[in-house]
Amino acid sequence: MKNIYSNILKVNKKNLSKAINYLKKDGVIGIPTETVYGLAGNAYSKKPIKQIYKLKKRPKINPLIIHYYSVSDLNNDAKLNKKFYSLYNKLCPGPITFILNKKINSKIISSAVANLSTIAVRFPKHQVIRNILKELKFPLAIPSANQSSGISPVNSKDVFEEFGKKIKLIINGGNSKIGIESTVVDLTGKVKILRPGIISSSRIGKILKKKILPSSKSRSIKAPGNLKKHYSPGIPMKLNQIRSSKNDAFIIFGKNYKNSKHTFNLSLNSNLNEAARNLYKTFRKIKKRKYKKIYVVKIPNVDIGIAINDRLKRASS
Ligand code: TXA
Ligand code: MG
């Protein structure tokens, strides 16, 4: 039988070199990270950047995150400040993205950063992407590997579901350990969280010895992509519910709810990290089963629960 997933490649030396060579030739590939899967291309080259925006149907005003192996590679592209170094030393590689001022002579393709004077940079931790970045002389622009405003993918089959054979190569690095996107922190002025993630504002605050505004209270959200409806299964969703109606999907958390064929438990043990890992998987399941409406229980607004609630809110807007 023909393998329909023939562009999904397992991790071995041969396939990693294939991916590396393809990236060097301006190809765009599906790649695992510890947060979610991404669509990767050379950030110094126009062709892959154009291709990424086209594949995702992403508005040109929404900038991409540029991914690096280490800080020494970043020096040519961004102005690094003290706060950046403090956070980098404690948290990287890891699930955090920094907004910094771009250097004027940076080689980053300006359309990759929506012609802004700032850039978003990240040092991912997943060993596969680290191995790939290490072999390249350029950083990778990597948005989540989903159609614009849709559900981020957390494994290689999700990426296939989004793009099929439109991308030549998807590396299978297993399920993403975290399951929701990196924390985005703006370091260009007063420190602000633009997108909550597993690294909390209090953790960042402790490292910087400063009180950090949570994203809901920080007013000037700079990235247009942060304002829109996002992370959405495209089905009306009601949050903070205690029950569902008969034939609708019901996303629950913990042991206090009755199970039925319409319930989807994010974590039976009320573990928020597990809930984050299951969130997008659950959205995809519900979407496939063609529900008309989704009810969601209240999720505790602490730790990564803050990021879960942020995604739920945007998915339901
Ligand atoms: O975990 C992640 O960050 C994943 C993995 C693949 O690394 N990537 C990801 O990329 O979530 P994307 O493109 O789906 O989301 C990037 C977010 C967008 O909301 C974008 O608007 C924001 O980062 N962003 C990018 N550049 C920015 C900038 N210069 N200023 C403010 N926000 C920016
Ligand atoms: Mg995204």
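Residues numbered from 1 in each chain as written. Chains lettered and ligands numbered in written order. Predicted model: local features only at pLDDT ≥ 70, side-chain atom pairs only at ≥ 80, totals over all residues. Heavy atoms only, no water.

Asker: It is not clear to me how a positive patch on the surface should be interpreted in this structure. Could you clarify?
Answerer: On the surface, Lys 261, Arg 277, Lys 281, Lys 285 and Arg 289 cluster together into a patch of positive charge. By secondary structure assignment, the location of Arg 289 is in the loop between helix H8 (272-288) and strand E15 (294-296). (Patch = residues over 30% accessible without salt bridge, like charges linked within 9 Å, V, L, I, M, F, W, Y side chains within 5 Å. Areas by Shrake-Rupley, 256 points an atom, 1.4 Å probe, with all protein chains shown as cover. Salt bridge = Lys/Arg side-chain N within 4 Å of Asp/Glu carboxyl O. Lys, Arg positive; Asp, Glu negative; His and termini not counted. Charge placed at Lys NZ, Arg CZ, Asp CG, Glu CD. Helix = DSSP H or I, 4+ residues; strand = E, 2+ residues; numbered from the N terminus.)

Asker: Please clarify how the pattern of salt bridges should be interpreted in this entry.
Answerer: Any two side chains of opposite charge can pair, on the condition that their charged atoms come close. Inspection of the entire model under this criterion finds eight salt bridges. Lys 288 is the salt-bridge partner of Glu 161, the closest N and O atoms lying 2.9 Å from each other. Pair noted here: Glu 161 is in helix H6 (residues 156-163) and Lys 288 is in helix H8, with a separation of 127 residues, a long-range link. For Glu 161, a relative accessible area of 41% puts it in the partly exposed group. (Buried < 20%, exposed > 50% of the residue type's maximum accessible area, 1.4 Å probe, protein only.)

Asker: Before we go on, may I ask you to explain the site of ligand 1 in this structure?
Answerer: Taken together, 25 residues lie around ligand 1, and Thr 35, Arg 58, Asn 62, His 67 and Ser 182 are the ones closest in. At a separation of 2.9 Å, an oxygen atom of ligand 1 approaches a polar side-chain atom of Arg 58. One of the side-chain N or O atoms of Arg 195 is found 3.0 Å from an oxygen atom in ligand 1. Protein chains bury 98% of the 680 Å² of accessible surface belonging to ligand 1 in isolation. Looking at the shell around ligand 1, the elements that each hand over two or more residues are strand E4 (65-67), strand E7 (118-122) and strand E11 (192-195). At three residues, E7 tops the list of elements feeding residues into the shell around ligand 1. (Near = heavy atom within 4 Å. Polar contact = N/O pair within 3.5 Å; in protein donor to acceptor, adjacent residues only side chain to side chain.)

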